[in-house]
Amino acid sequence: MENNQRGPLSPLFLCTTMDITSEIRTLAESFLKDESYFIVDVISKGVGGKIKHLILLDGDNGVSIDDCASISRQVSYQIEERELIEDAFILEVSSPGLEHPLASERQFAKNVGRKLKITLVDGTMIQGKLEGLSKDALDIEKEITEKKKVKLEKASIPFKTIEKANVIVSFN
């Protein structure tokens, strides 16, 4: 159980936070402009005596600051209108950014052609170019270094074996 500045968090608090997180996700999804936008995740955690709710918003064609601001205003208004959160809170809406692992099939699909760093559940690390995806797996061209030479090899990596996957920024 986590500790905050006021002491240990009770199981009731944690349950309530999970319920609020789910409610915030539902609210945010109700305000999406069209089907090209989607919520990647909603993360709630204690920050400086307040609870911070972070909505990660993405889109098939990216998202703008205006998109994030619009969702933030609408969700904040509804939280206050419905009195969902009694205590002070912080609401932030952001695109996932590179530090957040890819979490959905839609995120993988929009990153076809980019290099990924993939950590498998057994701890194995793989780097390679995302060539495509199927219902159950990623198709990548992985890089294998042997005797200071880089060799490319096609591989299919089942989603269930992936612990996390991040896009590698390339400036080429």
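Residues numbered from 1 in each chain as written. Predicted model: local features only at pLDDT ≥ 70, side-chain atom pairs only at ≥ 80, totals over all residues. Heavy atoms only, no water.

A.B. asks: Got a sec to walk through the pattern of salt bridges? Specific residues and values, please.
C.D. replies: Scanning the model with the defined rule gives 10 salt bridges in all. Its salt-bridge partner being K110, residue D58 comes within 2.6 Å of it at the nearest N-O pair. Taken together, the residues span a long stretch of sequence, with D58 in strand β4 (residues 50-59) and K110 in helix α3 (residues 105-110) at a distance of 52 residues. Accessibility expressed as a relative area gives 7% for D58, which makes it buried. A relative accessible area of 30% means that K110 is categorised as partly exposed. For K154, the salt bridge is made with E141, and the minimal N-O distance between the two is 3.6 Å. Of the two residues, K154 is situated in strand β9 (residues 149-158) and E141 in strand β8 (residues 137-146); the sequence distance between them amounts to 13 residues. Salt bridges linked by common partners bring E131, E141 and K154 together as one network. (Salt bridge = Lys/Arg side-chain N within 4 Å of Asp/Glu carboxyl O. Helix = DSSP H or I, 4+ residues; strand = E, 2+ residues; numbered from the N terminus. Buried < 20%, exposed > 50% of the residue type's maximum accessible area, 1.4 Å probe, protein only.)

A.B. asks: Which residues make up the side chain of T119, and what values go with them?
C.D. replies: With respect to the helices, strands and loops of the structure, T119 is situated in strand β6 (residues 115-120). Not counting residues up to four positions away in its chain, the partners in contact with T119 are T124, M125, I162, E163 and K164. (Contact = heavy atoms within 4.5 Å.)

A.B. asks: Account for a negative patch on the surface, with residues named and values stated.
C.D. replies: Residues E81, E83, E86 and D87 make up a contiguous surface patch of negative charge. You can see E86 is positioned in the loop between α2 (65-82) and β5 (89-94). Its relative accessible area of 80% is what places E86 among the exposed residues. (Patch = residues over 30% accessible without salt bridge, like charges linked within 9 Å, V, L, I, M, F, W, Y side chains within 5 Å. Areas by Shrake-Rupley, 256 points an atom, 1.4 Å probe, with all protein chains shown as cover. Lys, Arg positive; Asp, Glu negative; His and termini not counted. Charge placed at Lys NZ, Arg CZ, Asp CG, Glu CD.)

A.B. asks: Quick rundown of the pairing of β8? Include the residues and the values.
C.D. replies: In the sheet, strand β7 (residues 125-133) pairs with β8 via five bridges, with the strands oriented antiparallel. Paired with L133 across the strands is L138, a residue of β8. Hairpin geometry of β7 and β8 is characterised by an intervening segment of three residues between the two adjacent antiparallel strands. Two elements, β8 and β9, share 10 bridges in a ladder whose sense is antiparallel. Bridging across to β9, K142 finds its partner in E153. Here β8 hands over to β9 after two residues, with K147 in that stretch at a positive phi of 50°. (Pairing = 2+ DSSP bridges.)

A.B. asks: Give me the lowdown on the confidence of the model for the protein, citing residues and values where you can.
C.D. replies: A low pLDDT score tells you not to read the predicted coordinates there in detail. In this model, the protein carries an average pLDDT of 86, and 89% of its residues clear a pLDDT of 70 or more. Low pLDDT (under 50) marks residues 1-15, which in the prediction has 13 contacts with non-local residues, meaning those over four places away or in another chain. (pLDDT = per-residue confidence, 0-100.)

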